[in-house]
Amino acid sequence: LLSLMLVASIAFFSSCSKDDDHAHDDNTCHECHLALDNPDYVAGDTSTGPHHYIWHILDADGEEINFCGDELATMEGSDWTVTVPAGSGWISEEGGIVLAPGTYTSTSQDPVTGNYYESHCHD
């Protein structure tokens, strides 16, 4: 009986396939943010700041944008573009670090650190 249960369990679990992490229908929406590695970060040393600086992607009213369907897939992919509107600047989640107005892409480098900006979306 035990070996029958083991075989049935293996068959059940192997028949389930993992969904593509980036496959979304139009009803799937998530907020996204830009992240930049902190070059001064040292694990365990809080004086060096956070591991990443994080800026939430906001609309003109200062509300976080929900990305859905193809837009979400783009933001989770390697060819995204985000524009911080002129006359504004997004303040990092950690406070104090302003992301200046301009267009940021998956190939944008921070001029000070040389690190690339990344797009991360919440589940």
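Here the structure is shown first, and the text comes after it.
Definitions and cut-offs
Residues numbered from 1 in each chain as written. Predicted model: local features only at pLDDT ≥ 70, side-chain atom pairs only at ≥ 80, totals over all residues. Heavy atoms only, no water. Core = buried A, V, L, I, M, F, W, Y, C linked by side-chain atoms within 4.5 Å. Buried < 20%, exposed > 50% of the residue type's maximum accessible area, 1.4 Å probe, protein only. Helix = DSSP H or I, 4+ residues; strand = E, 2+ residues; numbered from the N terminus. Contact = heavy atoms within 4.5 Å. Phe/Tyr/Trp six-rings, centres within 6.5 Å; stacked < 30°, edge-to-face > 60°. Polar contact = N/O pair within 3.5 Å; in protein donor to acceptor, adjacent residues only side chain to side chain.

Help me understand the nonpolar core, please; the structure alone is not making it clear to me.
In summary, soluble globular proteins display a tendency toward joint burial of nonpolar side chains. Counting 17 residues, the largest nonpolar core has Leu34, Trp55, Ile57, Met75 and Leu99 as its most contacted members. Mapped onto this core, the elements with two or more residues apiece are strand E1 (29-37), strand E2 (52-56), helix H2 (69-76) and strand E4 (81-84). For this core, the leading source of residues is E1, giving three residues. Those residues in contact with Leu99 that lie beyond four places of it in its chain are Leu34, Trp55, Val84, Gly89, Trp90, Tyr104 and Tyr117.

Please explain the packing of aromatic side chains as it appears in this structure.
Each pair of aromatic rings is reported with the distance of its centres and the angle of its planes. A full pass over the atoms with the stated rule returns three aromatic pairs. Ring plane angle 55° and centroid distance 6.2 Å describe the contact between Trp55 and Tyr117, whose orientation is recorded as tilted. Taken together, the residues span a long stretch of sequence, with Trp55 in strand E2 and Tyr117 in the loop between strand E7 (102-105) and strand E8 (118-121) at a distance of 62 residues. For the pair Trp55 and Tyr117, one class covers both residues: buried. Relative to Tyr117, the ring of Tyr104 lies with its centre 5.1 Å away and its plane at 70°, an arrangement referred to as edge-to-face. Taken together, the residues span a long stretch of sequence, with Tyr104 in strand E7 and Tyr117 in the loop between E7 and E8 at a distance of 13 residues. With a relative accessible area of 6%, Tyr117 lands in the buried category. By the ring-pair criterion, three or more aromatic residues cluster together here, those being Tyr53, Trp55, Tyr104 and Tyr117.

Got a minute to help me understand the side chain of Ser106 in this structure?
Inspection of the secondary structure assignment puts Ser106 in the loop between E7 and E8. Engagement of the side chain of Ser106 in a polar contact is seen with the backbone oxygen of Ser78, the distance being 2.7 Å. Apart from the residues within four sequence positions on either side, Ser106 is in contact with Ser78, Asp79, Trp80, Tyr116 and Tyr117.

Which parts of the structure should I look at to understand the environment of Gly95?
If you trace the backbone, Gly95 turns up in the loop between strand E5 (90-91) and strand E6 (98-99). The sequence separation of Gly95 and Trp55 amounts to 40 residues, and the corresponding C-alpha distance is 9.6 Å.

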